[in-house]
Amino acid sequence: MINFVYVLLHVIALVGMTTSIVWLALRAKKEKGKYVFMLCQTLIMIWTASQLCDLVAVNADQLFIGYMMGNIGVNFIGAAWLHFASLYRLEKKHLPVWPLYLIGVIHFVAAAT
């Protein structure tokens, strides 16, 4: 019974975040910050979906797929949030963010092996 409640909560969270992303895509101004925020939301959705996969997995392969999906969300969320925050700094000079995403790629490759 408790497993069903967790699954239901994760599904509600995914529906809510999907609604938020669609609303942003249709209604917000076309700025770089909007797309980076949508990336942050998408990474949270990927992590939430991985938790859902872990809850309903019945074999080791399904657990591994859920684990790797979770790693995608977790490895890149820090870089995405720093990228989003750097876009809203008072100074107009933005920080280079590609090294942060590169760190996420390296960590994901290490976790996949």
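Going by the structure above, here's the rest.
For the structure given in this document, a descriptive report is provided here. (Residues numbered from 1 in each chain as written. Predicted model: local features only at pLDDT ≥ 70, side-chain atom pairs only at ≥ 80, totals over all residues. Heavy atoms only, no water.)

1. With respect to the side chain of His-83
Position of His-83 relative to the elements: it lies in helix α3 (residues 60–87). Relative accessible area serves as the criterion here: at 11%, His-83 is assigned to the buried category. (Helix = DSSP H or I, 4+ residues; strand = E, 2+ residues; numbered from the N terminus. Buried < 20%, exposed > 50% of the residue type's maximum accessible area, 1.4 Å probe, protein only.)

2. Comments concerning the environment of Ile-106
The residue Ile-106 is located in helix α4 (residues 98–112) in this model. Residue Ile-106 is classed as exposed on the basis of its relative accessible area, which comes to 53%.

3. Here we look at the packing of aromatic side chains
Inspection of the entire model under this criterion finds 3 aromatic pairs. When the centroid spacing of 6.1 Å and the interplanar angle of 75° are considered together, the rings of Phe-37 and Trp-81 count as edge-to-face. Linking Phe-37 in helix α2 (residues 32–56) with Trp-81 in helix α3, this pair joins segments that are 44 residues apart in sequence. When its relative accessible area of 36% is taken as the criterion, Trp-81 is described as partly exposed. (Phe/Tyr/Trp six-rings, centres within 6.5 Å; stacked < 30°, edge-to-face > 60°.)

4. Let's talk about α3
For α3, with 28 residues, the first-to-last C-alpha span of 41 Å sits near the 40 Å given by 1.5 Å per residue. Taking the backbone nitrogen of Asp-61 as reference, a side-chain oxygen 3.3 Å away marks Asn-59 as the first, capping residue of α3. (Expected span 1.5 Å × (residues − 1). Polar contact = N/O pair within 3.5 Å; in protein donor to acceptor, adjacent residues only side chain to side chain.)

5. A short note on the nonpolar core
Within the largest apolar cluster, 10 residues are counted, these being Val-36, Cys-40, Leu-43, Phe-76, Ala-79, Ala-80, Phe-84, Leu-87, Val-97 and Tyr-101. Secondary structure elements with two or more residues in this core: α2 and α3. Top element by residues in this core is α3. It accounts for 5 residues. Those residues within four positions of Val-97 in sequence are excluded, and the remaining contacts are His-83 and Ser-86. Leu-14, Met-17, Ile-21 and Met-38 belong to the second largest nonpolar core, which has 8 residues in total. (Core = buried A, V, L, I, M, F, W, Y, C linked by side-chain atoms within 4.5 Å. Contact = heavy atoms within 4.5 Å.)

6. Comments concerning the packing of α2 against α3
The contact between α2 and α3 brings their axes to 8 Å, and the two run at 160°. What the angle tells us is that α2 and α3 run roughly antiparallel. α2 and α3 meet at a crossing whose hand is left-handed. (Axes fitted to C-alpha atoms, helices over the stretch in contact; angles between N-to-C directions. Parallel < 35°, antiparallel > 145°, perpendicular 65-115°, else oblique. Left-handed = near helix turned anticlockwise from the far one by under 90°.)

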